[in-house]
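# Reading the structure
Listed below are the residues making up each chain.
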Amino acid sequence: DAGITQSPRHKVTETGTPVTLRCHQTENHRYMYWYRQDPGHGLRLIHYSYGVKDTDKGEVSDGYSVSRSKTEDFLLTLESATSSQTSVYFCAISESDRENQPQHFGDGTRLSIL
Amino acid sequence: AQSVAQPEDQVNVAEGNPLTVKCTYSVSGNPYLFWYVQYPNRGLQFLLKYITGDNLVKGSYGFEAEFNKSQTSFHLKKPSALVSDSALYFCAVTGANNLFFGTGTRLTVIP
């Protein structure tokens, strides 16, 4: 398995609070991604990073921000959590952005917002 | 825009029988297609990919996939299903800095 650790694995919080999820990798891969998984939608890209301090938006970025201060860490922040952000969040990494390269996924964070 | 569709939410197959999980794609340009598997409470695991070349792609755990350009399909297959193959399967296609996933097919292998 790729060396990807997501923390926390489970979190319950209240509407309006800020939440930060962490992805840590030991593979020294340049590219990191955050997805959310919802029934009926598969996985959808929230944000991705192509290097330290280099990030860009995915298809469902509203209400989320990211930061990458070190190669190994990619943080996802929900600035003011809403119930619609209840989901399972996955981090992924890849060695390059070439379209033929697979991504490798962490085990996810299950986030519930009450 | 790149997209994939998985027409079956659920597939049931008896242990030892061949299995097929269907995927169709819509892309502009050359398709780069992937299959992933997800076990309970785990992330997605890469199974195989189609880039170019042979239409039959072999992957992990005895799985293979058949690329069919005329039918725009990329079906996942295995000659003999195991109970341990029961999981959620996702087809995906690459776009600009993104993987576009299907909605997933839950495979249940019945002993």
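Scroll up for the structure.
Remember, it's a predicted structure, so these values are computed and weren't measured experimentally.

Let's shift gears to the overall build of chain A. A count of helices and strands for chain A gives 0 helices and 11 strands. Beginning at the N terminus, the succession of helices and strands in chain A can be written as β-β-β-β-β-β-β-β-β-β-β. Expressed as lengths along the three principal axes of its C-alpha atoms, the size of chain A is roughly 40 × 30 × 25 Å. Within chain A, counting contacts between residues at least 6 apart in sequence, those at least 24 apart form 55% of the total. Accessible surface, chain A: about 5,400 Å² in total, of which carbon and sulfur atoms supply 44%. Put simply, chain A has 12 plus and 15 minus side-chain charges, and the middle of one group is 3 Å from the middle of the other.

A few words now on the interface of chain A and chain B. Counting from both sides, the interface comprises 23 residues of chain A and, opposite them, 23 residues of chain B. When chain A packs against chain B, close to 1,900 Å² is buried across both sides, 51% of that on carbon and sulfur atoms. For the pair chain A and chain B, the number of links is 1 salt bridge. A salt bridge links Arg42 of chain B to Asp107 of chain A; the nearest nitrogen and oxygen atoms lie 3.0 Å apart.

Our focus in this paragraph is the side chain of Ser94 of chain A. All names here are of chain A. By the secondary structure assignment, Ser94 is in strand E9 (residues 87-94). Ser94 sits in the buried class, given a relative accessible area of 1%. At 3.0 Å, the side chain of Ser94 and the side chain of Tyr33 are in polar contact. Setting aside anything within four residues of it in sequence, one finds Ser94 in contact with His29, Arg30, Tyr31, Tyr33, Pro102 and Gln103.

This part covers the pattern of salt bridges. All names here are of chain B. For the structure on display, the rule yields 8 salt bridges over all chains. Across the salt bridge formed by Asp85 and Lys78, the nearest N and O atoms sit 2.8 Å from each other. Note on accessibility: Asp85 and Lys78 belong to one class, buried.

Right, let's talk about the side chain of Lys78 of chain B for a bit. Residue and element names in this part refer to chain B. Tracing the backbone through its elements, the reader meets Lys78 in strand E9 (residues 73-78). In this structure the side chain of Lys78 is engaged in a polar contact, spanning 2.8 Å, whose partner is the side chain of Asp85. Once residues within four sequence positions are removed from consideration, Lys78 is found in contact with Pro18, Leu19, Tyr61, Gly62, Phe63 and Asp85.

The next point concerns the nonpolar core. Residues and elements named next belong to chain B. Ranked by internal contacts, the top residues of the largest apolar core, which has 26 residues, are Leu33, Trp35, Leu47, Leu48, Phe74, Leu76 and Tyr89. Listed by contribution, the elements that provide at least two residues to this core are strand E2 (10-14), strand E3 (19-21), strand E5 (33-38), strand E6 (44-50), strand E8 (64-68), E9, strand E10 (87-95) and strand E12 (105-110). The biggest single contributor to this core is E10, with 4 residues. Beyond its immediate sequence surroundings of up to four residues, Leu76 is in contact with Leu19, Thr20, Val21, Trp35, Leu47, Leu48, Phe63, Glu64, Ala65 and Tyr89.

Turning next to the layout of surface pockets. Roughly 450 Å³ of internal volume is contained in the largest pocket. If you trace the largest pocket, you find 24 residues lining it, with Gln37, Val88 and Arg110 of chain A together with Gln38 and Leu88 of chain B closest to the centre. Of all the elements in the fold, those that place two or more residues in the lining of the largest pocket are strand E4 (31-38), E9 and strand E11 (109-113) of chain A together with E10 of chain B. Top contributing element to the lining of the largest pocket by residue count: E9 of chain A, with 3 residues. Its residues assigned to classes, the lining of the largest pocket comprises 7 nonpolar, 11 polar and 6 charged.

With that settled, consider the environment of Lys69 of chain B. Residue and element names in this part refer to chain B. Relative to the assigned elements, Lys69 resides in the loop between E8 and E9. When its relative accessible area of 65% is taken as the criterion, Lys69 is described as exposed. In the structure, Lys69 is positioned 42 residues away from Pro111 in sequence and 35 Å away in space, judged by C-alpha atoms.

Following the criterion strictly, the structure yields 18 aromatic pairs over all chains and no others. Pairwise contacts between aromatic rings join Tyr33, Tyr35, Tyr48, Tyr50 and Phe105 of chain A together with Phe34, Tyr36, Phe46, Phe90 and Phe101 of chain B into one cluster. Across from the ring centre of Phe63 of chain B, 5.0 Å away, lies the NZ or CZ of Lys78 of chain B, which sits over that ring.

Rules used throughout
Residues numbered from 1 in each chain as written. Chains lettered and ligands numbered in written order. Predicted model: local features only at pLDDT ≥ 70, side-chain atom pairs only at ≥ 80, totals over all residues. Heavy atoms only, no water. Helix = DSSP H or I, 4+ residues; strand = E, 2+ residues; numbered from the N terminus. Contact = heavy atoms within 4.5 Å. Areas by Shrake-Rupley, 256 points an atom, 1.4 Å probe, with all protein chains shown as cover. Lys, Arg positive; Asp, Glu negative; His and termini not counted. Charge placed at Lys NZ, Arg CZ, Asp CG, Glu CD. Buried area = accessible area lost by both parts, 1.4 Å probe. Salt bridge = Lys/Arg side-chain N within 4 Å of Asp/Glu carboxyl O. Buried < 20%, exposed > 50% of the residue type's maximum accessible area, 1.4 Å probe, protein only. Polar contact = N/O pair within 3.5 Å; in protein donor to acceptor, adjacent residues only side chain to side chain. Core = buried A, V, L, I, M, F, W, Y, C linked by side-chain atoms within 4.5 Å. 1 Å grid on protein atoms, 1.4 Å probe; cavity = no way out; pocket = protein on both sides within 12 Å on 5 of 7 lines; lining within 4 Å. Points joined across faces, edges and corners; volume = space filled by probe spheres on them. Nonpolar A, V, L, I, M, F, W, Y, C, P; charged D, E, K, R; others polar. Phe/Tyr/Trp six-rings, centres within 6.5 Å; stacked < 30°, edge-to-face > 60°. Lys NZ or Arg CZ within 6 Å of the ring centre and 35° of its normal.

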